[in-house]
Protein chains: 2
Amino acid sequence: MKNNIQKLCFIGAGNLATHLSVALYNAGFSINQVYSKTKKSAEMLAREINADYTIKASDITKSADIYIVALKDSAVKDVLSGFDFQNKLIVHTSGSLPLSALKPFSENYGVLYPLQTFSKTREIDFTEIPVFIEANYPENESILKLIAEKISKKVSVLNSEKRKSLHIAAVFACNFVNHFYSLAAGYLDAHDIPFDVLYPLIEETARKAQEIPPKEAQTGPAVRFDETIINDHLQGLEQFPELKALYNSISKSIFEYHQKE
Amino acid sequence: MKNNIQKLCFIGAGNLATHLSVALYNAGFSINQVYSKTKKSAEMLAREINADYTIKASDITKSADIYIVALKDSAVKDVLSGFDFQNKLIVHTSGSLPLSALKPFSENYGVLYPLQTFSKTREIDFTEIPVFIEANYPENESILKLIAEKISKKVSVLNSEKRKSLHIAAVFACNFVNHFYSLAAGYLDAHDIPFDVLYPLIEETARKAQEIPPKEAQTGPAVRFDETIINDHLQGLEQFPELKALYNSISKSIFEYHQKE
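These numbers were taken from a predicted model, which means no experiment stands behind them.

J.: Hey, could you run me through the overall build of chain A in this one?
T.: Helix and strand counts for chain A stand at 10 helices and 8 strands. A total of 261 residues make up chain A; the buried ones form 56% of that total. Summarising the internal contacts of chain A: among those between residues at least 6 apart in sequence, 51% fall at separations of at least 24.

J.: Hey, could you run me through unusual backbone geometry in this one?
T.: A negative phi holds for most residues other than glycine; trans holds for most peptide bonds. Residues and elements named next belong to chain B. The backbone of Asp192 sits at a positive phi, close to 55°, despite the residue not being glycine. Mapped onto the fold, Asp192 is located in the loop between α5 (160-190) and α6 (199-209). Even without a glycine there, the phi angle at Phe225 is positive, about 50°. Relative to the assigned elements, Phe225 resides in the loop between α8 (221-224) and α9 (227-236). Phe225 sits in the partly exposed class, given a relative accessible area of 40%.

J.: It is not clear to me how the relation of the copies chain B and chain A should be interpreted in this structure. Could you clarify?
T.: Relating one copy of the chain to the other requires a rotation about an axis plus a shift along that axis. With an axial shift of 0.0 Å and an RMSD of 0.0 Å, the rotation relating chain B to chain A amounts to 180°. Accordingly, the operation relating the two chain copies is best matched by a two-fold axis. Of every C-alpha in chain B, the one belonging to Val177 of chain B sits nearest the axis of rotation, 2.6 Å from it. Of all interface residues in chain B, 99% are interface residues in chain A too; the two copies therefore contact each other through one and the same surface.

J.: So what exactly am I meant to see when it comes to the pairing of strand β8 (residues 154-157) of chain B here?
T.: The two faces of the sheet receive side chains in turn, since in a regular strand these alternate between them. All names here are of chain B. Direction of pairing for strand β7 (residues 130-135) relative to β8: parallel, over a ladder of 4 bridges. Bridge pairing links Phe132 to Ser156 in β8. The parallel pair β7 and β8, bridged by helix α4 (residues 138-151), forms a crossover whose chirality is right-handed.

J.: What's the story with the sheet that holds strand β3 (residues 52-54) of chain B in this structure? I'm lost.
T.: Working definition: the strands of a sheet are paired by backbone hydrogen bonds and lie parallel or antiparallel to each other. Residue and element names in this part refer to chain B. One open sheet accounts for 8 strands, arranged β3-β2-β1-β4-β5-β6-β7-β8; its pairing is mixed. Strand pairing shows two members of the sheet lacking a second neighbour, β3 and β8, which therefore form its edges. Taking the axes of each pair of neighbouring strands and ignoring which way they run, one obtains an average angle of 25° across the sheet. Direction of pairing for strand β1 (residues 7-11) relative to strand β4 (residues 66-69): parallel, over a ladder of 4 bridges. If you follow Cys9 over to β4, its bridge partner there is Tyr67. Sheet contacts for helix α2 (residues 39-48): β2 (30-35) and β3; angle to β3, the most-contacted strand, approximately 170°.

J.: What is the right way to read the interface of chain B and chain A from this model?
T.: One frequently used descriptor of interface size is the decrease in accessible area upon assembly of the parts. Every contact between the two is made by 90 residues of chain B and, on the other side, 89 residues of chain A. Between chain B and chain A lies a buried interface of about 8,500 Å² when both sides are counted; carbon and sulfur atoms form 64% of it. Linking chain B with chain A are 6 salt bridges, by the criterion used here. Linking Glu204 of chain A and Arg122 of chain B is a salt bridge whose minimum nitrogen-to-oxygen distance equals 2.7 Å. On inspection of chain B and its partner chain A, the count reaches 40 residue pairs in polar contact (both at pLDDT 80 or more).

J.: What is the right way to read the confidence of the model for chain A from this model?
T.: Parts of the model with low pLDDT should not have their predicted coordinates read in detail. Overall, the predicted model of chain A reaches an average pLDDT of 94, with 98% of residues at or above 70. As a predicted assembly, this complex carries a pTM of 0.92 together with an ipTM value of 0.93.

J.: How do you make sense of the sheet that holds strand β3 (residues 52-54) of chain A when you look at a structure like this?
T.: All names here are of chain A. Overall, mixed pairing links the 8 strands, which are arranged β3-β2-β1-β4-β5-β6-β7-β8 in an open sheet. Each end of this open sheet is capped by a strand with a single partner; those strands are β3 and β8 (154-157). Each strand of the sheet is rotated relative to its neighbour by a mean of 25°, with strand direction disregarded. Helix α1 (residues 15-26) rests against β1 (7-11), β2 (30-35), β4 (66-69) and β6 (108-114) of the sheet, and its axis sits at about 170° to β1.

J.: I would appreciate a short explanation of helix α3 (residues 73-80) of chain B in the present structure.
T.: Two residues of an α-helix separated by three or four positions point the same way, owing to the 3.6 residues in each turn. Listed in full, the buried residues belonging to α3 of chain B are Asp73, Val76, Val79 and Leu80 of chain B. Projected down its long axis, α3 of chain B carries its buried residues within an arc of 105°, all on one side. Those residues of α3 of chain B that are exposed and aimed more than 90 degrees away from the buried face are Lys77 and Asp78 of chain B. Where α3 of chain B is buried, its residues meet α9 (227-236) of chain A together with β1, β2, β4 and β5 (89-92) of chain B.

Definitions and limits used
- Residues numbered from 1 in each chain as written.
- Chains lettered and ligands numbered in written order.
- Predicted model: local features only at pLDDT ≥ 70, side-chain atom pairs only at ≥ 80, totals over all residues.
- Heavy atoms only, no water.
- Helix = DSSP H or I, 4+ residues; strand = E, 2+ residues; numbered from the N terminus.
- Buried < 20%, exposed > 50% of the residue type's maximum accessible area, 1.4 Å probe, protein only.
- Contact = heavy atoms within 4.5 Å.
- Least-squares fit on C-alpha atoms with pLDDT ≥ 70 in both.
- Pairing = 2+ DSSP bridges.
- Right-handed = clockwise from strand over helix to strand, strands pointing away.
- Axes fitted to C-alpha atoms, helices over the stretch in contact; angles between N-to-C directions.
- Buried area = accessible area lost by both parts, 1.4 Å probe.
- Salt bridge = Lys/Arg side-chain N within 4 Å of Asp/Glu carboxyl O.
- Polar contact = N/O pair within 3.5 Å; in protein donor to acceptor, adjacent residues only side chain to side chain.
- pLDDT = per-residue confidence, 0-100.
- Arc of directions from axis to C-beta.

Given below as structure tokens:
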């Protein structure tokens, strides 16, 4: 890697910013500065990666080579506007934001999207995380590829449209899945049953999906259209109207999805 | 274990029956006979566990000590009616069927419910599967406990009501979860993106739920109420009306669930 692409500035200090900047720091990159409007987050992350920090967008450093933006999509425009990036390379990390969202801020821009769910308190092996990159010029793409390959073994180029499709799929396979874990945990708690009895089931369900196409692996009353059990479960959810509504609509979705073909 | 409880008859030859009978067979139990109305299933399983088989309910053997019923709940009554079990121990394996469902067929009955998702083609470590037992007499409970502990390290007694709650939670944490994997796979396929890019995400989501309460681990646009992304995703789902409807209702559910407390 060229030495002149080593000074980074992180704009954002949330879960993704934390994991990504730590991975880059551990891979030998210098991170000059962290910006976050939340002082605590900025300070904590800056300490971890040996960087300065600021909570004022106007104080973002001018001396970085690459600016990595890891903000809520809707905040990107506000935070970046009014700062002169002097055509340095700006990179966002969002699944949904198109590459073009950075066009107003520099002549050099790109995307580095790590497909994973990040929680600050969890250690994660970044080398196994698929990272999808995109850039406005081949030169910028090469720079991003070099950077991404220092932290992940699974780097590919993907355009904005496909990245968005991937993000949507990830919402289903991760965010929605986790919500069902939460609902199950809450329901068990209301019945004085510890959530950990479900661990082997959660584990096996996730593992199986990686070996058998999940449509083929579908089990349970809905796919068998076992009305006796379905009705019995709906009755057991009488005191939990939100769960009951979801049980109904998802069972219907499962049944219909498996009627096709 | 006493020698006189070693002769088993399996009524049913589906996924659960297959995994459970194979585990029992490997633990040293003799299985006299397998019954299934589907000849192919009966024959295949019987061969695997060195048993006879029948496809006629009236030909179920009279010489077994314990009858293990692993049928669709709605089929149990039909198959068992008209057979004289001579008050031998009958055990069902269903999460939802109450213990009392077996009362009409014998004076000795119980439940042995392994909490796992079973596919015939997947090997599974039965010793890690939580098994929940219940019986009409303490003697029968002891017999079931002895049997269950031969195949699993995680045996507990649980009453019918709690077992049903557990089964409902399992539908959320396994069947619904797997459906979302399927939907994600189908959506990616329609966009020419291989499903395996989601494996590390699926794996981490499942692992995280076993270490952090899943409600705390929730990530994604819905919990942040990132309307920009949500609307963008809904637009990306325009050609997939069923996915769009689910995206909408589950995002709403996530947001509301996290507003509480």
